[in-house]
Amino acid sequence: MNYGKIFRLDGKVALVVGGYGAIGSEICRGLGQYGATLAVSGRDGSKAKALAQELEASGSRAGAFPGDISKGADASRIVQEVVSRFGKIDIMINCTGAHVDAPAEELKEEDWDNVLGVTLKGAFLIAQAAGRPMIAQGRGKIITISSVRSLIAIRRGYAAYTSAKGGVNMLTKQLATEWAKYRINVNAIAPTFTRTASVAQYLENKEFRDALVNRIPLARVAETEDLVGAALFFSSSASDFVTGQILFVDGGLTACQ
C-alpha cells in the first residue's frame, strides 16, 4: 500500500453546499489543493460564482450551482446539474445552517421552522439527492457540518439550533447505517465556536471571549482552517473504513463537559 497519496482527491468531484461561506470556502480551497473538482452551491448565486472563479484562477476545476436545499426540488436540481456538468458526484459536504437566538418561551413557530428547515430538513434533502447517484455508482462520501451544540446545551436561547444539530448527528448515523451497503461513508464534523465575520462582534467582547476560551482546553476558538483537515480526511480514501462518526473539532471542549 502506497500511503503517499492517501489524502489526494484527483479525479473526484465535490459538491460543497454553503461553499462560499467562511467555513465552506476554506474547505473548498483545501479540497481544491488536493485535486478535487469543486461544485460550489448556496442560495446566493453571485457569491457561488465568485468563489468558483477564484478556485479556477488558482488552478482548480470549479463551477457554481446555486439553490435552496431546504426545498426538495432545488436539492435534486443542484445534484442533477452537477452530474450533468462534471459526470458524477463523489463527495458532498453540507456547510449550511441557521440559528435564531431566543428564549424557549419566546421562540416563534416560524423561527423554529426556519432553523429546522435549513439545518436538519435541508441536510436530509441534499444528502438524499446526492445519495441517489452515489448509490448508482456504488460509492460516495457525505459530510455535514454539525456543532458541539449537538451534544452540549447552553444557557441561552438555542432550543431550535441544538435540536437541529442533534438531529444532524442522528441523521448522519442513520444514513451511514442504511447506505453502508452501497459503500457510501456518511460522517459529520462538529466544531466549537469558530472565528468568522458573522461572530466577530462576540469575539470583540473581552468578557465573552475570555469566558469562552477558558472552557476550551486548547485555550482558543476554532479557525476555519482547523476544519479543513477533518474535511480532507472524511473526503479521501483515508476514511474508507470510517462511517457514522461525529468528529468534534473543539479544542477538547466536549472532553471536559
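Model, not experiment: these values are computed from the prediction.

**Observations concerning the pattern of salt bridges**
Link 1 in the chain: Going through the model one piece at a time under the given rule, you end up with 13 salt bridges.
Link 2 in the chain: The salt bridge involving Arg139 is made with Asp90; its shortest N-O contact spans 3.6 Å. Here Asp90 lies in the loop between helix H3 (72-86) and strand E4 (91-94) and Arg139 lies in the loop between helix H4 (109-137) and strand E5 (140-145), a separation of 49 residues in the sequence.
Link 3 in the chain: For Arg139, a relative accessible area of 30% corresponds to the partly exposed category.
Link 4 in the chain: Taking the relative accessible area as the measure of exposure, Asp90 reaches 4% and is therefore buried.
Link 5 in the chain: The shortest N-O distance in the salt bridge between Arg156 and Asp101 comes to 2.5 Å. Here the residue Arg156 occupies a position in the loop between E5 and helix H5 (159-179), and Asp101 occupies one in the loop between E4 and H4, the gap between them amounting to 55 residues.
Link 6 in the chain: Overall, the relative accessible area of 37% leaves Asp101 in the partly exposed class.
Link 7 in the chain: Each of Glu26, Arg29 and Glu54 takes part in a single network of salt bridges with overlapping partners.

**Quick notes on the packing of helix H1 (residues 22-33) against helix H8 (residues 228-235)**
Link 1 in the chain: Between H1 and H8, the least distance of the axes is 9 Å, while the angle of their chain directions is 55°. When the axes of H1 and H8 are compared, the pair comes out oblique. Viewed along their axes, H1 and H8 form a crossing whose handedness is right-handed. Side by side, H1 and H8 meet where Glu26, Ile27, Gly30 and Leu31 of the first sit next to Val228, Ala231, Leu232 and Ser235 of the second.
Link 2 in the chain: Along the lines of polarity and charge, the residues of the contact of H1 with H8 split into 5 nonpolar, 2 polar and 1 charged.

**Thoughts on the layout of surface pockets**
Link 1 in the chain: Estimates place the volume of the largest pocket at around 1,400 Å³.
Link 2 in the chain: Every residue lining the largest pocket is counted, 46 residues in all, and those nearest its centre are His99, Tyr161, Thr196, Ser198 and Val199.
Link 3 in the chain: At the level of secondary structure, the elements contributing two or more residues to the lining of the largest pocket comprise H1, H4, H5 and helix H7 (206-214).
Link 4 in the chain: Class assignment of the residues belonging to the lining of the largest pocket gives a composition of 22 nonpolar, 16 polar and 8 charged.
Link 5 in the chain: As a volume, the second largest pocket reaches approximately 360 Å³.
Link 6 in the chain: Lining the second largest pocket are 19 residues, and of these Arg139, Lys141, Arg183, Asn185 and Asp240 sit closest to its centre.
Link 7 in the chain: Those elements that place two or more of their residues in the lining of the second largest pocket are E5 and strand E6 (184-191).
Link 8 in the chain: When grouped by side-chain class, the residues that make up the lining of the second largest pocket number 6 nonpolar, 6 polar and 7 charged.

**Some points on the environment of Pro103**
Link 1 in the chain: Note on placement: Pro103 falls in the loop between E4 and H4.
Link 2 in the chain: On a C-alpha basis, the gap between Pro103 and Gln245 in space is 31 Å, while along the polypeptide they are 142 residues apart.

Cut-offs applied
- Residues numbered from 1 in each chain as written.
- Predicted model: local features only at pLDDT ≥ 70, side-chain atom pairs only at ≥ 80, totals over all residues.
- Heavy atoms only, no water.
- Salt bridge = Lys/Arg side-chain N within 4 Å of Asp/Glu carboxyl O.
- Helix = DSSP H or I, 4+ residues; strand = E, 2+ residues; numbered from the N terminus.
- Buried < 20%, exposed > 50% of the residue type's maximum accessible area, 1.4 Å probe, protein only.
- Axes fitted to C-alpha atoms, helices over the stretch in contact; angles between N-to-C directions.
- Parallel < 35°, antiparallel > 145°, perpendicular 65-115°, else oblique.
- Left-handed = near helix turned anticlockwise from the far one by under 90°.
- Contact = heavy atoms within 4.5 Å.
- Nonpolar A, V, L, I, M, F, W, Y, C, P; charged D, E, K, R; others polar.
- 1 Å grid on protein atoms, 1.4 Å probe; cavity = no way out; pocket = protein on both sides within 12 Å on 5 of 7 lines; lining within 4 Å.
- Points joined across faces, edges and corners; volume = space filled by probe spheres on them.

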